[in-house]
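Listed below, chain by chain, are the residues.
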Amino acid sequence: MQTMTTAEYLHFLNDKPRTAKLATVRADGSPHVAPIWFAMDGDVLVFMTGADTLKGKSIRRDGRVSLCVDDDTPPYSYVLFEGRASIAKPSQDEFLAWSTRIAARYMGEALAASYGARNAVEGELLIRVAPIKIIAHAGIAD
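The written sequence of each chain sets the order in which its residues are numbered from 1. It should be noted that, the model being predicted, local features are given only for residues of pLDDT at least 70 and side-chain atom pairs only at 80 or more, the latter also being counted only at that level, while totals for whole chains, interfaces and linings use all residues. The side-chain figures draw on all heavy atoms in the structure; neither hydrogens nor water molecules are used.

Draft legend 1. View of the overall build of the protein chain. Only runs of H or I of at least four residues qualify as helices and only runs of E of at least two qualify as strands under DSSP, and these elements are numbered from the N terminus. On a plain count of helices and strands, the protein chain comes out with four helices and eight strands. Shown N-terminal to C-terminal, the secondary structure of the protein chain runs as helices and strands in the order β-α-β-β-β-β-α-β-β-α-α-β. In this treatment the radius of gyration is a C-alpha quantity, and the globule benchmark scales as 2.2 Å times the residue count to the 0.38 power. A compact globule built from 142 residues would reach a C-alpha radius of gyration of about 14 Å, and the protein chain, at 15 Å, matches this within 12%. Counting only C-alpha atoms and orienting by the principal axes, one finds that the protein chain spans roughly 45 × 40 × 20 Å. Counting all 142 residues of the protein chain, 42% fall into the buried class. Sequence separation of 24 or more characterises 71% of the internal contacts of the protein chain that already satisfy a separation of 6 or more. The Shrake-Rupley method, run with a 1.4 Å probe sphere, supplies the accessible areas, and residue values consider only the shown protein chains as cover. For the protein chain, the accessible area works out to roughly 7,500 Å², and carbon and sulfur atoms hold 54% of it. We treat Lys and Arg as the positive residues and Asp and Glu as the negative residues; His and chain ends play no part in the count. Charge coordinates come from a single atom per side chain, which is NZ of Lys, CZ of Arg, CG of Asp or CD of Glu. Taken together, the 16 basic and 17 acidic charged side chains of the protein chain have centroids lying 6 Å from each other. Each residue is placed in one exposure class: buried if its accessible area under a 1.4 Å probe, protein chains only, is under 20% of its type's maximum, exposed if it is over 50%, and partly exposed if it falls in between. Working rule for contacts: check all heavy atoms of both residues, and any pair within 4.5 Å makes them a contact.

Draft legend 2. Looking closely at a nonpolar patch on the surface. Judged by side-chain polarity, M1, Y76 and I140 come together as a nonpolar surface patch covering roughly 290 Å² of accessible area. Position of Y76 relative to the elements: it lies in the loop between β6 (64-71) and β7 (77-87). Patches here are clusters of residues that have more than 30% relative accessible area and form no salt bridge, with a 9 Å joining cutoff for like charges and a 5 Å cutoff for nonpolar side chains (Val, Leu, Ile, Met, Phe, Trp, Tyr). By definition, a salt bridge exists where a carboxyl oxygen of Asp or Glu is found within 4 Å of a side-chain nitrogen of Lys or Arg.

Draft legend 3. Inspection of unusual backbone geometry at higher detail. Of the consecutive residues P74 and P75, the connecting peptide bond is found in the cis state with omega at 10°. Relative to the helices and strands, P75 resides in the loop between β6 and β7. You will see that Y76, though not glycine, has its phi angle at about 70°, which is positive. Look at Y76 and you get partly exposed, because its relative accessible area is 35%.

Draft legend 4. Local environment of the side chain of R18. By secondary structure assignment, the location of R18 is in the loop between α1 (6-15) and β2 (20-25). Polar contacts involving the side chain of R18 include one to the side chain of D15, which spans 2.9 Å. The definition of a polar contact used here is a pair of N or O atoms within 3.5 Å, where within protein one atom must be able to donate a hydrogen and the other to accept one, and adjacent residues in sequence count solely through side-chain atom pairs.

So yeah, pure geometry; function would need other evidence.
Okay, structure coming up:
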């Protein structure tokens, strides 16, 4: 097993569309985990969620989050990403641009515009998570 450098874990997060598993804190203090689509803005992880989802409500109340992005094929790798989520206040053009960028990553360029428009709507939140702690390992089974 090897610890990834910053360049290596950023490459891992950017190189292909893996889902992140987002952990948030419920109002009663218990954890909640859900898969999300994301894109990176430098070292900041960006994703979208509905304001009225459990994720959205939890982030508005308590911005502490953890994410895990993994490669589930041998020799296995993962990045654990801990940080504080903030709700961005983008212009509609910037909101649509992020929504389309995330959609392109997971659905491909041919469907990016339609998915981007579908998701850049009232009631959706654009979330940015700056890292506080990163744990990244590659070659777990080596």
